[in-house]
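Per-entry structural report
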Amino acid sequence: MADRSAESAEVRRFWQRLGLPGLMDVHTHFMPERVLRKVWSYFDALGPLTGGVEWPITYRAQEDERARLLRDFGVRAFTAMLYPHKPGMAQWLNGWAADFARRTPDCLHTSTLFPEPGVEAYVRGAVEAGARVFKAHVQVGAYDPADELLDGAWGLLAEAGIPVVIHCGSGPAPGKHTGPEPVARVLARHPRLRLVVAHMGMPEYEDFLSLAERYGEVRLDTTMAFTDFSERLAPFPRRALPRLAGLGDRILLGSDFPNIPYPYLHQLRALERLELGDEWLRGVCHHNAARLFGLPGH
Ligand SMILES: [Zn+2]
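Reading the values: rules and limits
- Residues numbered from 1 in each chain as written.
- Predicted model: local features only at pLDDT ≥ 70, side-chain atom pairs only at ≥ 80, totals over all residues.
- Core = buried A, V, L, I, M, F, W, Y, C linked by C-beta atoms within 7 Å.
- Buried ≥ 20, exposed ≤ 12 C-beta atoms within 10 Å, placed from the backbone.
- Helix = DSSP H or I, 4+ residues; strand = E, 2+ residues; numbered from the N terminus.
- Contact = placed C-beta atoms within 7 Å.
- Pairing = 2+ DSSP bridges.
- UniProt positions renumbered as here; feature names shortened; annotations may be inferred.
- Arc of directions from axis to C-beta.
- Right-handed = clockwise from strand over helix to strand, strands pointing away.
- Axes fitted to C-alpha atoms, helices over the stretch in contact; angles between N-to-C directions.
- Parallel < 35°, antiparallel > 145°, perpendicular 65-115°, else oblique.
- Left-handed = near helix turned anticlockwise from the far one by under 90°.
- Nonpolar A, V, L, I, M, F, W, Y, C, P; charged D, E, K, R; others polar.

Here's the deal with the nonpolar core
The biggest cluster of nonpolar side chains holds 86 residues, and the ones touching the most others in it are L113, V164, I166, V196 and V197. Counting residues per element, this core draws most heavily on helix α13 (residues 278-292), at 6 residues. Discounting residues that sit within four places of it in the chain, I166 has contacts with A136, V138, P145, V183, L195, V196, V197 and A198.

Right under this line is the structure:
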């Protein structure tokens, strides 16, 4: 990977100017090496779920190098977003993620799930083993999040107050069960479930903002939203900016590192240029997630 020290210095200047102790990034990808390689080849080959858009991965490097770079950026805590695309895979991923969290203390122990028999039991096991956050990928998994098989797991996670980062918007390409409607059915049954809608719900931004306005535990992550890349494909509607301001305590910085087609700093600049103010940026880039995950210094 290229020398990133100049970029690291600029990222640090971004949060130092805001008087923050660093960044909190709720949406970064770490997964077993051979799975990550597959994801990268998928992006390289412009697989259909990328929306057919050219997607050069900026941070293609060894795992330890990637974690080190996040630390150089001043990311105090990050996640290991991983997800199965078929049954029988989630538990294996969860085992890997538990081990990764053990050897990576600044990674919030992440787990995942899939609608399959036994899901409630392995989700309970992961929670007991210390999972702090879950990832659900409705697009890649191609399942209905309101599937009855998941009902017990959602109930358990709602009860435990554990956030679930969920890719449920129809970007960059729609899936059979993406969009606000299936998630609305989950929330109708589990109104206290701490769903973190990934990518601001792109491209159904406004429908997902409505869900967050309706349900006090719903949050959104900024992953890839507002960047030049996403604005070209799915522009965030200007008229919804006041609603972003209104939800300022429930919007969380996410980046999709390392699978992004531009430098990390661009995500931060993309938030800054919304001109919602420094207080908003402080919440989004650090305080909101620090509060959610009980980290000191907020
Ligand atoms: Zn992602």
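Here's the deal with the sheet that holds strand β1 (residues 23-24)
One open sheet holds the 3 strands; their spatial order is β1-β2-β3, and the pairing between them is parallel. The sheet is open, and its two borders are formed by β1 and β3 (107-108), each paired with just one other strand. Bridge count for strand β2 (residues 75-79) against β3 is 2 bridges, and the pairing is parallel. When the sheet's bridge partners are listed, T79 is paired in β3 with L108.

Quick notes on the UniProt feature "domain: Amidohydrolase-related" (unreviewed entry) in the chain
According to UniProt, the positions carrying the feature "domain: Amidohydrolase-related" (unreviewed entry) are residues 25-295. Between the end C-alpha atoms of residues 25-295 the distance is 13 Å, and the span holds 43% helix and 10% strand.

Some points on helix α8 (residues 180-189)
All buried positions along α8 are accounted for by P180, V183, V186 and L187. In an axial view of α8, the angular spread of the buried residues amounts to 120°, which keeps them on one side of the axis. Facing away from the buried side of α8 by over 90 degrees, the exposed positions are A188 and R189. Of the surrounding elements, those touching the buried residues of α8 are α7 (151-160), β6 (164-167), β7 (195-197) and α9 (205-214).

Brief notes about the pairing of β6
The alternating pattern of β6 places V164 and I166 and V165 and H167 on opposite faces, both of which are buried. Across 3 bridges, β6 lies against β7 in parallel orientation. Looking at the pairing, I166 lines up with V197 of β7. Taken together, β6, α8 and β7 form a β-α-β motif whose crossover is right-handed.

Some words on the pairing of strand β5 (residues 133-137)
Across the 5 residues of β5, 5 count as buried, placing the element largely inside the fold. Of the two faces of β5, the one lined by V133, K135 and H137 and the one lined by F134 and A136 are each fully buried. In this structure, strand β4 (residues 110-112) lies alongside β5, joined through 3 bridges in parallel fashion. Paired with T110 across the bridge in β5 is V133.

Considering the packing of helix α5 (residues 119-128) against α7
Interaxial distance between α5 and α7 falls to 8 Å at its minimum, and their mutual angle equals 25°. By the criterion of interaxial angle, the relationship of α5 to α7 is roughly parallel. With respect to the hand of their crossing, α5 and α7 are arranged in right-handed fashion. Contacts between α5 and α7 involve V119, E120, V123, R124 and V127 from the first element and G152, A153, L156, L157 and A160 from the second. Along the lines of polarity and charge, the residues of the contact of α5 with α7 split into 7 nonpolar, 1 polar and 2 charged.

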